[in-house]
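# Observations on the three-dimensional arrangement
The residues making up each chain are set out below.
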Amino acid sequence: MTIFTRTLCGVALIAAVFAGTVGLRAEEAARPAVPVAREARVAGDDTRTRFVMDLSQAVPFTVSVLADPHRLVIDFPEVRFDLPEGAGAEARGLVGAWRFGLFAKGKSRIVLDLRAPVAVDKVFVLPSVSEQPARFVLDLVKTSRSAFLAKAGEATAAAPVASATTPGNKGDRLAGGKVKHRPVIVIDPGHGGIDTGAAGTGGTLEKAVVLQFSRLLKKKLDALDRYDVHMTRDTDIFIPLRERVEIARSLEADLLVSIHADSVRIGRDQVRGAGVYTLSETASDEIAAALAERENRSDIIAGIDLADEPDVVTDILIDLARQETKTFSHLFARTLVGELSGAAKMVKNPHRSAGFRVLTAHDVPSTLVELGYLSNRLDEKLMTTREWRERMSSAISGAIDRYFAKRRGKSAALRLSVTPGAKAD
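Residues numbered from 1 in each chain as written. Predicted model: local features only at pLDDT ≥ 70, side-chain atom pairs only at ≥ 80, totals over all residues. Heavy atoms only, no water.

### Here's the deal with the overall build of the protein chain
The helix and strand tally for the protein chain stands at 11 helices and 16 strands. Sequence separation of 24 or more characterises 77% of the internal contacts of the protein chain that already satisfy a separation of 6 or more. Working note: accessible area of the protein chain is about 20000 Å², and carbon and sulfur atoms make up 54% of it. (Helix = DSSP H or I, 4+ residues; strand = E, 2+ residues; numbered from the N terminus. Contact = heavy atoms within 4.5 Å. Areas by Shrake-Rupley, 256 points an atom, 1.4 Å probe, with all protein chains shown as cover.)

Here's what the structure looks like:
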C-alpha cells in the first residue's frame, strides 16, 4: 500500500468518524429534552395536605391509590429528578414520606406513603410562566377507609395542563369531582348599605353606580347563555369583604369581577379613566396602594374591623395555591385591559396591583375593575349615562367571553391521556 493510498484511507476513516459524531449530535439535538424536577415540597396538616413539584416543563400524569399499606402513586413520562439530598424523608400532614425514581424505560414514578386514607381533591399541572417553573400540584384530603378502598387501584382522571394562553377554571383543576359544563362567574358590586363608597362632585354615590352597572353586566352575560352568573349583592346592603370572598368560593366560582368607581383628592380635573387591578403583596404604585387601603376600610366603616383576623388565605395557600390563581387572574386582567382600551378612557398603566382583600380567594381568579373616577366631573357624568354603561358592560362581557373561549378552544388539544394505575411499586 502506497503512502498516498494509506493517506486516503486515513482521511476516509476520519471523515467517517466525524460524520458519525455529527449524526449522533444531530440525533441528540432532535431528541426531546427530558423534563427535570428541581424542587418538591409537602405542606398542610392531618386534614388537608398539598404536594408540589417544580418541573422544567409541563408533563402528563396519572394518579392512583394503593391499599395496605396506603400509598398514592404518581406516574409521569421519564423525568430526571434533580432534587436535594434527603428529599421525601420528612413526614408532613397526611404524607409519611415519599420516594421517586425511574420506574421503567420512559416512565418515572413518585410514591407517597400515606399516614391515613385520603381522597384526591385537586390535581393539575401549570405550565411555566415568565420566571415561574412548570408546577405539578396535588391536593389530598382525609377520607374514610371504605372510600379509600373503593378507589384503590383505579387511576384518577387526569386534569388538562393549564396553558399560559389558556385560562383555566375550577373544572380544569378538579380531578374526580363534579364536572361543570358552564363556568361560574361572580360579579361583586362594591360597597353598599351604610358603606357608600366614593362620592362624586355632583353627589353620585359609588355604591349606586356600581350596582346599576353590575346588573347590566349580569344581564349581558346571562344573554350569552354560556355562564352561571351570580352577584354578591343585588340590593343596597352592606356585605363584609371577607363574606364576598366566601360567596365566590362557596359557588366554586371560575372568575370574580369586583366593580368599583374611584376618587382622588388631588388632581380631580386631571385624573380620570378606567383601571384593572389584581392582587399583590406589594402595590404596583402609590395610587394602587392608597386605593387598596381605602377599599379595605369598608369593613371598618360598618363597624367590623377584620384587620387583626387571620387572612382568608393560609400561609400554605399563600405560598402555593395562590400561584396558579394569580396566573389566571393576570391572564384575565390583560384580556380585560385590551377590551376596555378600545371602549373607554384608561388610566396610565391600566393594569395595576395591590393588596385588595376582596381579591384574596386562593382558588378563584379575581380582578377588581375601577370604572372611572367619580372625583372627575367628566367621568362622573359618563358613568350616569346609559350609552357609556352599555359600551363598558359590552367590553367587560366581551373580555370574559374571550377569556373562557380560549380555554374551550384549547382544552381538547391539551387533554391528557390516562393509563391504568400500577398495582405495585
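### Regarding the side chain of S214
By the element assignment, S214 lies in helix 4 (residues 206-224). Beyond its immediate chain neighbours, meaning those up to four positions away, S214 contacts I187, P189, M231 and I259.

### Things to note about the pairing of strand 7 (residues 107-114)
A large share of strand 7 lies buried, amounting to 6 of its 8 residues. Taken together, the 7 bridges between strand 4 (residues 71-77) and strand 7 define a ladder with antiparallel strand orientation. Considered in strand 7, the bridge of V73 is made with V111. Direction of pairing for strand 6 (residues 95-104) relative to strand 7: antiparallel, over a ladder of 8 bridges. When the bridges of strand 7 are listed, L102 appears paired with S108. The antiparallel pairing of strand 6 with strand 7 creates a hairpin that spans 2 residues between the two strands, and G106 there sits at a positive phi of about 75 degrees. (Buried < 20%, exposed > 50% of the residue type's maximum accessible area, 1.4 Å probe, protein only. Pairing = 2+ DSSP bridges.)

### Here we look at the packing of aromatic side chains
In the structure shown here, the tally under the stated rule is 10 aromatic pairs. Look at F76 and F136: their rings are 5.3 Å apart centre to centre, the planes differ by 85 degrees, and that puts the pair in the edge-to-face class. Taken together, the residues span a long stretch of sequence, with F76 in strand 4 and F136 in strand 9 (residues 134-142) at a distance of 60 residues. Taking the relative accessible area as the measure of exposure, F76 reaches 3% and is therefore buried. Residues F213 and W388 carry aromatic rings whose centres are separated by 6.1 Å and whose planes lie at 50 degrees to one another, so their mutual orientation is tilted. Of this pair, F213 sits in helix 4 while W388 is found in helix 11 (residues 386-414), placing the two residues 175 residues apart along the sequence. Just as F213 is buried, W388 falls in that class too. Grouped by ring-pair contacts, the aromatic residues F51, F61, F76, F81, W98, F100 and F136 constitute a single cluster. (Phe/Tyr/Trp six-rings, centres within 6.5 Å; stacked < 30°, edge-to-face > 60°.)

### Structural notes on the side chain of H191
Looking at the element boundaries, H191 is found in the loop between strand 11 (184-189) and helix 4. Judged by its relative accessible area of 6%, H191 falls in the buried class. At 3.2 Å, the side chain of H191 forms a polar contact with the side chain of E206. Among the polar contacts made by the side chain of H191, one reaches the side chain of H260 at a distance of 3.5 Å. (Polar contact = N/O pair within 3.5 Å; in protein donor to acceptor, adjacent residues only side chain to side chain.)

### Observations concerning the pattern of salt bridges
Close approach of charged atoms allows side chains of opposite charge to pair. Applying the stated criterion across every chain yields a total of 20 salt bridges. For the salt bridge of R244 with D188, the shortest nitrogen-to-oxygen distance reads 2.6 Å. Linking R244 in helix 5 (residues 241-250) with D188 in strand 11, this pair joins segments that are 56 residues apart in sequence. Taken as a pair, R244 and D188 share a single burial class, namely buried. In this structure, the salt-bridge partner of K207 is D236, at a minimum N-O distance of 3.0 Å. (Salt bridge = Lys/Arg side-chain N within 4 Å of Asp/Glu carboxyl O.)

### Structural notes on the sheet that holds strand 2 (residues 48-55)
Pairing is mixed in the open sheet, where 5 strands are placed in the order 5-1-2-9-8. Strands with a single pairing partner mark the edges of an open sheet, and in this sheet they are strand 5 (80-81) and strand 8 (118-126). Two strands pair when backbone bridges link them, and strand 8 and strand 9 are joined in this way by 8 bridges, in the antiparallel orientation. Each bridged residue has a counterpart across the sheet, and for F124 the counterpart in strand 9 is V137.

Fair warning: the whole summary comes from geometry, so function is off the table for now.
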